[in-house]
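Inside the fold
Okay, here's what each chain looks like letter by letter:
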Amino acid sequence: MKKLLRAIGGYLRGTDRWLWLFCIGLSVCSVVMLCGIWKAGISSDLADDGSGIRKLLVQAGASLLGMAAAVVLSKFDYHTLAKLWKLHVPAAYGLVLLTFFIGVGTASRPGDKSWLVLPGGMTLQPTEFLKLSFILALAYHLSLLKDNLNRPANLALVCLHGAAPVVLIHFQGDDGTAIVFAAIFLFMVFAAGVHWKYILAAGGLALAAAPVAWFTGIINDDQKQRILGLFDPTPSQLAGILYQQNNARLAIGSGQVWGKGIFGVEHLYVPEIYNDFIFAFIGESLGFVGCLAVIAVFVALGAKLLHAGSLSEDPLGRYICAGLFGMLACQCLVNIGMCIMVLPVIGITLPFLSYGGSSVLATYMGMGLALSVYMHSNKRLFS
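In this text, all values refer to a predicted model and were calculated from it rather than measured experimentally.

Calculation notes
Residues numbered from 1 in each chain as written. Predicted model: local features only at pLDDT ≥ 70, side-chain atom pairs only at ≥ 80, totals over all residues. Heavy atoms only, no water. Helix = DSSP H or I, 4+ residues; strand = E, 2+ residues; numbered from the N terminus. Polar contact = N/O pair within 3.5 Å; in protein donor to acceptor, adjacent residues only side chain to side chain. Contact = heavy atoms within 4.5 Å. Phe/Tyr/Trp six-rings, centres within 6.5 Å; stacked < 30°, edge-to-face > 60°. Buried < 20%, exposed > 50% of the residue type's maximum accessible area, 1.4 Å probe, protein only. pLDDT = per-residue confidence, 0-100. Axes fitted to C-alpha atoms, helices over the stretch in contact; angles between N-to-C directions. Parallel < 35°, antiparallel > 145°, perpendicular 65-115°, else oblique. Left-handed = near helix turned anticlockwise from the far one by under 90°. Nonpolar A, V, L, I, M, F, W, Y, C, P; charged D, E, K, R; others polar. Expected span 1.5 Å × (residues − 1).

Thoughts on the side chain of Ser74
Turning to its location among the elements, Ser74 is positioned in helix α3 (residues 51-75). A distance of 2.7 Å separates a polar side-chain atom of Ser74 from the backbone oxygen of Val71. Those residues in contact with Ser74 that sit more than four places away from it in its chain are Tyr11, Gly368, Leu371, Ser372, Met375 and His376.

Written out as structure tokens, the structure reads:
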């Protein structure tokens, strides 16, 4: 027991305790919110038939498993993890490709075949783990280029590296996750020092491609209605395709400054409130103050990721942390934007808070990579 306590004490002295505090605090908040949703009976998926307690156990279990995985990953040197790309990249892409043949959707997203069914009725979303493999592999790719990134041939290969998961996941049907991959890529190449002329050129190409995507069917009719409805929603849209977002916005507004409370009060029904729209329940239950507190924790967590990257003496560590920051920032901005009806619904979870075992586990593993950079930094060790 003494050896175990000494090992725990030694780990806590060497790790980033504030980053751990932010992650654990968000996980505790998630379980409490899910319990409130279950007790309020405002989601048919958290009914009194045992599914509610099952989701609570899955969320708590995934958080604990994620913490253990983060500890293990943080003890590995991130250089070793990145150099093992020949092992984890094929495995991650292989699992994603399996979803094209045996993938399943969910009740709310039947056309998105992003999940694999595991024994015992559990499901796995491989794209969540592909994010981590992609960050490690791209960081290693960029670190090998050093100051030669802006050579056209090198930059073209990097762009192909970044486009591969985006295109693959678009055809899988999960455009929300594809956008997250694009954000990760942009943050990492920016951190690697891509020249401004290429950034401006990419922006121009994106603007030119937007009408092509709109009129050629790349953006489907459902997505078009969600986008157009944000600017001038009609009563039929508010009762139909925008019903979920409109109710989420009303729920957040009804919380006012301090919120209605989590338990023992009547809550507004919002579809998928335990998953992509859990921020709506936070706003209704804890009010404007609670929303600000959650956002402040995410901002602080993002700052800790950037701080870990700044401690790294080599580009690899900085690129890994930049990719993790891009993942966190994109998911938070898009998810909260969906809930307050300023961005269209595209199926992106709120890190740590939204229900989902794969999402929680992968996010904690990402934090383990950041902790590996932090704990293997000579700047920190000798400061």
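Observations regarding the packing of aromatic side chains
This structure, assessed with the given rule, holds six aromatic pairs. Summarising the aromatic geometry, the rings of Phe187 and Phe325 are spaced 5.6 Å apart at their centres and angled 70 degrees between planes, so their arrangement reads as edge-to-face. Highlighted residues: Phe187 in helix α8 (residues 175-191) and Phe325 in helix α14 (residues 315-339), separated in sequence by 138 residues. With relative accessibility at 34%, the residue Phe187 sits in the partly exposed group.

What about the side chain of Ser27?
Here Ser27 shows up in helix α2 (residues 17-40). Within polar-contact distance, the side chain of Ser27 engages the side chain of Tyr364 at 2.6 Å. With residues near it in sequence (within four places) discarded, Ser27 still touches Ser63, Phe352 and Tyr364.

Looking at helix α10 (residues 221-231)
Those residues of α10 that sit buried are Gln223, Lys224, Arg226 and Gly229. On the buried face of α10, the contacting elements are α8, α9 (196-215) and α11 (235-239). Sitting at the head of α10, Asn220 places a side-chain oxygen 3.1 Å from the backbone nitrogen of Asp222.

Re the environment of Ala7
In this fold, Ala7 is placed in helix α1 (residues 2-14). Taking the relative accessible area as the measure of exposure, Ala7 reaches 48% and is therefore partly exposed. The spatial distance from the C-alpha of Ala7 to the C-alpha of Val342 is 47 Å, given a sequence separation of 335 residues.

Remarks on the confidence of the model for the chain
Segments scoring low in pLDDT should not have their predicted coordinates read at a detailed level. Per-residue confidence for the chain averages 90 on the pLDDT scale, and 94% of its residues sit at or above 70. Confidence scores differ between elements of the chain, with helix α16 (residues 378-381) showing the lowest mean pLDDT of 55 and α14 the highest of 97.

Topic: the packing of helix α12 (residues 243-254) against helix α13 (residues 278-311)
Running from N to C, α12 and α13 point in directions that differ by 25 degrees, and their axes come no closer than 6 Å. Taken together, α12 and α13 sit at an angle that is classed as roughly parallel. Considering the relative orientation of α12 and α13, their crossing is left-handed. Residues Ala248, Ala251, Ile252 and Ser254 of α12 form the contact with α13, whose own contacting residues are Phe279, Ala280, Gly283 and Glu284. Here the contact of α12 with α13 is composed, by residue class, of five nonpolar, two polar and one charged.

Observations regarding unusual backbone geometry
At Lys146, a position not held by glycine, the phi torsion is positive, near 55 degrees. Secondary-structure assignment places Lys146 in the loop between α6 (126-145) and α7 (152-172). Even without a glycine there, the phi angle at Gln256 is positive, about 50 degrees. Within the fold, Gln256 resides in the loop between α12 and α13.

Thoughts on α6
In an α-helix there are 3.6 residues to a turn, and that puts residues three or four apart on one side. The first and last C-alpha atoms of α6 sit 29 Å apart over 20 residues, in line with the 28 Å expected at 1.5 Å per residue. Across the 20 residues that make up α6, a large majority, 19, are buried. Directly after α6, the chain includes Lys146, whose backbone phi takes a positive value near 55 degrees.

Some thoughts on the environment of Tyr198
Relative to the elements of secondary structure, Tyr198 occurs in helix α9. A residue is classified by how much of its surface remains accessible, and Tyr198, at 25% relative accessible area, is partly exposed. On a C-alpha basis, the gap between Tyr198 and Gly290 in space is 41 Å, while along the polypeptide they are 92 residues apart. Apart from the residues lying within four places of it in its own chain, the contact partners of Tyr198 are Asn150, Pro152 and Leu155.

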